[in-house]
Amino acid sequence: MAPITTSREEFDEIPTVVGIFSAFGLVFTVSLFAWICCQRKSSKSNKTPPYKFVHVLKGVDIYPENLNSKKKFGADDKNEVKNKPTVPKNSLHLDLEKRDLNGNFPKTNLKPGSPSDLENATPKLFLEGEKEAVSPDSLKSSTSLSSEEKQEKLGTLFFSLEYNFEKKAFVVNIKEARGLPAMDEQSMTSDPYIKMTILPEKKHKVKTRVLRKTLDPAFDETFTFYGIPYTQIQELALHFTILSFDRFSRDDVIGEVLIPLSGIELSEGKMLMNREIIKRNVRKSSGRGELLISLCYQSTTNTLTVVVLKARHLPKSDVSGLSDPYVKVNLYHAKKRISKKKTHVKKCTPNAVFNELFVFDIPCEGLEDISVEFLVLDSERGSRNEVIGQLVLGAAAEGTGGEHWKEICDYPRRQIAKWHVLCDG
């Protein structure tokens with residue numbers, strides 16, 4: 001047999017062929033990867049957004065553009081545009097720049113008698129929108145003001161409601177408040193902001209930013225809540241709490257507005273509404289509820305055992321529904337707090353069962369200079385918790401608090417339980 005011979009040229013052609021096939025393979029792999037990425041991106045854009053709500057600040061949508069690409073500025077619908085004077089498109093940016101830090105336009109920019117006068121045009125717009133959109137039933141369901149409340153003017157809240165059927169979202173736009181009272185006696189002004197809760201479940205709680213030194217704040221903030229079916233809207237209610245920020249103490253409550261959504265029809269589009277702000281807690285029950293406490297003083301170990309057992313008949317913290325109570329226990333020695341404990345939060349109940357035990361070490365012999373403070377609070381996510389009621393037990397305490405304290409001093413090593421009526425915190 002003749003030997004098989006291969007020329008040097010054939011050996012040189014092999015790397016060339018391998019290189020060509022490798023290049024084609026690389027191009028195919030990159031193309032396939034790019035196609036898969038495009039498919040994933042398109043599928044994600046069609047899904048319902050995973051957020052509970054979207055916050056629009058000062059009319060500028062901060063959510064991804066694929067959700068609201070039609071309107072980049074403002075949440076006003078066509079009806080508002082018809083009622084407002086036409087403004088050139090190129091003047092939008094200039095008008096926004098002319099606003100001050102609180103979002104208000106300077107009065108010098110408004111010509112007297114001009115159709116763009118916000119003081120004359122905007123109230124008419126809200127009143128006309130409300131007459132057309134609000135049914136008589138919804139007006140009857142709103143809270144009526146007593147003669148005393150009418151005398152104390154707390155201002156007016158302007159807002160709009162809308163339901164987006166395409167995205168299955170409930171949209172609330174907090175526009176502005178007017179005529180708020182001054183909570184700061186020195187500067188005769190306020191630093192207002194608004195908290196809003198959707199009732200009755202209180203799952204959705206949001207709040208606006210704080211506007212400094214103004215009695216007519218223009219918020220123009222939009223909150224979009226996803227996952228709320230349109231059939232459920234009639235069963236809900238909106239609770240607005242208007243507050244004034246205080247850097248050094250608890251924020252001052254200016255008032256509140258309660259809007260039952262029963263009878264309000266949102267199928268025809270956006271509804272512009274305004275409501276008078278009323279004094280908070282005007283419908284609050286006079287009683288603060290009761291607290292069942294068990295105490296035991298161990299003289300040998302110089303410890304005090306405190307058991308928070310139950311609470312009953314707790315009032316509503318506000319018109320937003322049942323409170324989410326928990327108890328904070330503070331131990332004082334010579335009017336100085338030396339220890340603190342707290343129970344777990346019990347959701348949506350006026351009659352909470354805690355059954356939680358705490359042991360405090362007493363720094364001195366005897367209980368003459370010792371006192372225990374119980375604060376029942378309403379847990380509010382994202383804001384300061386409100387005190388529902390207070391109870392103080394000690395040698396100087398009056399009523400059942402003093403009697404209970406005397407018993408545990410007279411009978412050490414005995415667990416003694418008593419109900420106590422809570423007072424205002």
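Reading the values: the criteria
- Residues numbered from 1 in each chain as written.
- Predicted model: local features only at pLDDT ≥ 70, side-chain atom pairs only at ≥ 80, totals over all residues.
- Heavy atoms only, no water.
- UniProt positions renumbered as here; feature names shortened; annotations may be inferred.
- Helix = DSSP H or I, 4+ residues; strand = E, 2+ residues; numbered from the N terminus.
- Contact = heavy atoms within 4.5 Å.
- Areas by Shrake-Rupley, 256 points an atom, 1.4 Å probe, with all protein chains shown as cover.
- Buried < 20%, exposed > 50% of the residue type's maximum accessible area, 1.4 Å probe, protein only.
- Arc of directions from axis to C-beta.
- Salt bridge = Lys/Arg side-chain N within 4 Å of Asp/Glu carboxyl O.
- Pairing = 2+ DSSP bridges.
- Phe/Tyr/Trp six-rings, centres within 6.5 Å; stacked < 30°, edge-to-face > 60°.
- Lys NZ or Arg CZ within 6 Å of the ring centre and 35° of its normal.
- Axes fitted to C-alpha atoms, helices over the stretch in contact; angles between N-to-C directions.
- pLDDT = per-residue confidence, 0-100.
- Patch = residues over 30% accessible without salt bridge, like charges linked within 9 Å, V, L, I, M, F, W, Y side chains within 5 Å.

Per an unreviewed UniProt entry, the recorded name for the protein chain is Synaptotagmin 4, and the organism is Papio anubis. Looking at the Sequence similarities (unreviewed entry) heading of the UniProt record, one finds this comment for the protein chain: "Belongs to the synaptotagmin family."

A.B. asks: Would you mind going over the overall build of the protein chain in detail, with residue names and values included?
C.D. replies: A count of helical and extended segments in the protein chain gives seven helices and 18 strands. For the protein chain, long-range pairs separated by at least 24 residues make up 66% of all intrachain contacts whose partners lie at least 6 apart in sequence. Within the structure as shown, the protein chain displays about 25,600 Å² of accessible surface, and the carbon and sulfur contribution to it stands at 55%.

A.B. asks: So what's going on with helix α7 (residues 400-410)? Which residues, and what values?
C.D. replies: For α7, every residue scored as buried is listed here: Gly401, Gly402, His404, Trp405 and Ile408. For α7, the angular spread of buried residues about the axis comes to 165 degrees, placing them on one side. Against the buried residues of α7 lie β11 (290-298), β12 (303-312), β16 (370-378), β17 (386-394) and β18 (416-421).

A.B. asks: Before we move on, could you go through the UniProt feature "transmembrane region" (unreviewed entry) in the protein chain and cite the residues and values that matter?
C.D. replies: Within this structure's numbering, the places UniProt gives as "transmembrane region" (unreviewed entry) are residues 17-38. Each end of residues 17-38 is marked by a C-alpha atom, and these two atoms are 32 Å apart; helix forms 100% of the span and strand 0%.

A.B. asks: Before we move on, can you summarise the pattern of salt bridges with the specific residues and values?
C.D. replies: In total, this model carries seven salt bridges according to the counting rule given. We note a salt bridge from Lys418 to Glu407, for which the minimum N-O separation is 2.7 Å. Taken together, the residues Lys418 in strand β18 and Glu407 in helix α7 connect sequence positions 11 residues apart. Judged by relative accessible area, which is 27%, Glu407 ranks as partly exposed.

A.B. asks: Explain the pairing of β17 residue by residue, including any values.
C.D. replies: Across the nine residues of β17, eight count as buried, placing the element largely inside the fold. Sheet topology places β16 next to β17; eight bridges connect them, and they run antiparallel. Following the sheet pairing, Val376 is matched in β17 by Gly389.

A.B. asks: Lay out the packing of aromatic side chains in plain terms, naming residues and giving numbers.
C.D. replies: Considering all chains together, one arrives at four aromatic pairs under this definition. Ring centres of Tyr163 and Phe165 lie 4.9 Å apart, and the angle between their planes is 70 degrees; this geometry places the pair in the edge-to-face category. Through a chain of ring-to-ring contacts, the aromatic side chains of Tyr163, Phe165 and Tyr230 assemble into a single cluster. A cation over an aromatic ring shows up here: Arg178 above the ring of Phe158, its NZ or CZ 4.9 Å from the ring centre. Just above the ring of Trp419 sits the side chain of Arg312; from NZ or CZ to the centre is 3.8 Å.

A.B. asks: How would you summarise the sheet that holds β16 if you had to cite specific residues and measurements?
C.D. replies: Think of a sheet as strands paired side by side through backbone hydrogen bonds, with each pair either parallel or antiparallel. Reading across from one edge, β14-β13-β16-β17 is the order of the four strands in this open sheet, with antiparallel pairing throughout. Strand pairing shows two members of the sheet lacking a second neighbour, β14 (336-342) and β17, which therefore form its edges. Across this sheet, the average inter-strand angle for adjacent strands is 20 degrees, counted without regard to direction. The sheet contacts of α7 involve β16 and β17, and relative to β17 the element is tilted by about 45 degrees.

A.B. asks: Outline the confidence of the model for the protein chain, supporting the account with residue identities and numerical values.
C.D. replies: In low-pLDDT segments, the atomic positions of the prediction should not be examined closely. Looking at the protein chain, pLDDT values average 76 and 67% of them are 70 or higher. Every residue in residues 58-98 is under pLDDT 50, and counting partners more than four places away or in other chains gives 54 contacts. A low-confidence stretch, residues 108-150 (pLDDT under 50), is modelled with 53 contacts involving residues beyond four sequence positions or located in other chains.

A.B. asks: A description of a nonpolar patch on the surface should follow, citing residues and the corresponding values.
C.D. replies: Judged by side-chain polarity, Phe28, Leu32, Trp35 and Ile36 come together as a nonpolar surface patch covering roughly 440 Å² of accessible area. In this fold, Phe28 is placed in helix α1 (residues 8-45).

A.B. asks: Let's hear about the sheet that holds strand β5 (residues 192-199): which residues, and what values?
C.D. replies: Here four strands make up an open sheet; going across it, the order is β6-β5-β8-β9 and the pairing antiparallel. One side of each edge strand has no neighbouring strand; the edge strands of this open sheet are β6 (205-207) and β9 (252-260). For this sheet the average axis-to-axis angle between neighbouring strands, irrespective of direction, equals 15 degrees. Examined bridge by bridge, β5 and strand β8 (residues 237-244) share eight bridges and lie antiparallel to one another. Residue Met196 lies in a different strand from β8, and its bridge partner there is Phe240.

A.B. asks: Give a description of the pairing of β8 that names residues and reports values.
C.D. replies: Burial runs high along β8: eight of the eight residues are buried. Alternating positions in β8 separate into two faces, Ala237, His239, Thr241 and Leu243 on one and Leu238, Phe240, Ile242 and Ser244 on the other, with burial throughout. Both β8 and β9 contribute to a ladder of eight bridges, which runs antiparallel. Bridge assignment links Ala237 to a residue of β9, and that residue is Pro260.

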